[in-house]
Amino acid sequence: MRNRLSTNIISRHFQEHSSIYTFIMVLFLMGVIFGSIFVNSLSPHQKEDLFYYLNQFFGQVGEGKMVPPEELLKLSFWHNVKFAGLIWILGISIIGFPLIFILLFIKGIVVGFSVGFLVNQMGWNGLLLAFVSLLPQNLLIIPIFIFISVCSIALSTKLIKKIFIRQSLPFHLLPVFSRYFLSYIGAIAIITIAAGLEAYVSPMLMKSIIVSITN
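**With respect to the packing of helix H2 (residues 18–38) against helix H5 (residues 98–122)**
And step 1. It is the contact of H2 with H5, at a shortest axis distance of 6 Å, that shows an interaxial angle of 40°. Taken together, the axes of H2 and H5 lie oblique to each other. The two elements H2 and H5 meet at a crossing, and its hand is right-handed. Between H2 and H5, the contacting residues are Phe23, Ile24, Leu27, Phe28, Met30, Gly31, Val32, Phe34, Gly35, Ser36 and Phe38 on the first element and Phe101, Leu104, Phe105, Lys107, Gly108, Ile109, Val111, Gly112, Phe113 and Gly116 on the second.
And step 2. The class makeup of the residues in the contact of H2 with H5 is 14 nonpolar, six polar and one charged.

In structure tokens form, the structure reads like this:
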């Protein structure tokens, strides 16, 4: 019964905010495409410099000289919690919610640039490295960022309609903010799992790929 109720709540959430989800996902994909195209605008000298540092990093990974997993877990966790928290706060601030679109677009650019640069410099090996280094954690992090962004934009829209447009909509403050707070708690739980993948799974996969490429 509880599982069925949870499924109904999730289904209703996606149906109610389907247009926001569509817009945000398209915006994120545009960022990814823009980031991958931006790689081609770099000068040969800039590409050489970036690839030099990248080779050094890969060399350290291949030799097992990386940041300890516990430290990497903390860094990944706090970085993503702060990013999600900023989006969450922008939703409460009402007028700051347009910045959410910019943040997600930038996130898409970073992902697109990372994958595009590896592929540009290393071909199929670069694609394989991008797959093992970025995919495991981002399979969770990107959807959770999109989810918290939709919740933030939806809340801002409701607040704007209630405060500025003064629409007579049924709006009970405590339940709305309680659900909004729980959405952030849920996001933190997923981010914790993603940070674990980034700290323990991705480096192991990267090391195996780098060793197989260099041998």
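**As for the nonpolar core**
The nonpolar side chains of a soluble globular protein tend to be buried, and buried together.
And step 1. Within the largest apolar cluster, 36 residues are counted, with the highest numbers of intra-cluster contacts made by Ile24, Ile100, Phe145 and Ile191.
And step 2. For this core, the elements supplying multiple residues, two or more each, are H2, helix H4 (69–93), H5, helix H6 (124–163) and helix H7 (173–214).
And step 3. A total of twelve residues in this core trace back to one element, the largest contributor, which is H6.
And step 4. Core analysis: the second largest hydrophobic core is formed by 14 residues, Leu118, Met122, Met206 and Ile209 among them.

**Overview of the confidence of the model for the chain**
And step 1. Averaged over the chain, the pLDDT score is 84; the fraction of residues at 70 or greater is 87%.
And step 2. For the chain, helix H1 (residues 2–16) is the element with the lowest average pLDDT, namely 68, and H2 is the one with the highest, namely 92.

**Topic: the packing of H4 against H5**
And step 1. Where H4 contacts H5, the two axes come as close as 9 Å, and the packing angle between them is 160°. With respect to H5, the element H4 is oriented roughly antiparallel. Two packed elements cross with a definite hand, and for H4 against H5 that hand is left-handed. From H4, Phe83, Leu86, Ile87, Leu90 and Gly91 reach across to H5, where they touch Leu99, Ile100, Leu103 and Lys107.
And step 2. Residue composition of the contact of H4 with H5, grouped by class: seven nonpolar, one polar and one charged.

**What to know about H2**
Since the α-helix packs 3.6 residues into each turn, any two residues three or four apart lie on the same face.
And step 1. The terminal C-alpha atoms of H2, which comprises 21 residues, lie 30 Å apart, in line with the 30 Å expected from a rise of 1.5 Å per residue.
And step 2. Of the positions making up H2, those classed as buried are Ile20, Tyr21, Ile24, Leu27, Phe28, Gly31 and Gly35. Relative to the axis of H2, the buried residues are bounded by an arc of 135° and lie together on one face. In H2, the exposed positions angled more than 90 degrees off the buried face are occupied by Ser19, Leu29 and Ile37.

Definitions and limits used
- Residues numbered from 1 in each chain as written.
- Predicted model: local features only at pLDDT ≥ 70, side-chain atom pairs only at ≥ 80, totals over all residues.
- Heavy atoms only, no water.
- Axes fitted to C-alpha atoms, helices over the stretch in contact; angles between N-to-C directions.
- Helix = DSSP H or I, 4+ residues; strand = E, 2+ residues; numbered from the N terminus.
- Parallel < 35°, antiparallel > 145°, perpendicular 65-115°, else oblique.
- Left-handed = near helix turned anticlockwise from the far one by under 90°.
- Contact = heavy atoms within 4.5 Å.
- Nonpolar A, V, L, I, M, F, W, Y, C, P; charged D, E, K, R; others polar.
- Core = buried A, V, L, I, M, F, W, Y, C linked by side-chain atoms within 4.5 Å.
- Buried < 20%, exposed > 50% of the residue type's maximum accessible area, 1.4 Å probe, protein only.
- pLDDT = per-residue confidence, 0-100.
- Expected span 1.5 Å × (residues − 1).
- Arc of directions from axis to C-beta.

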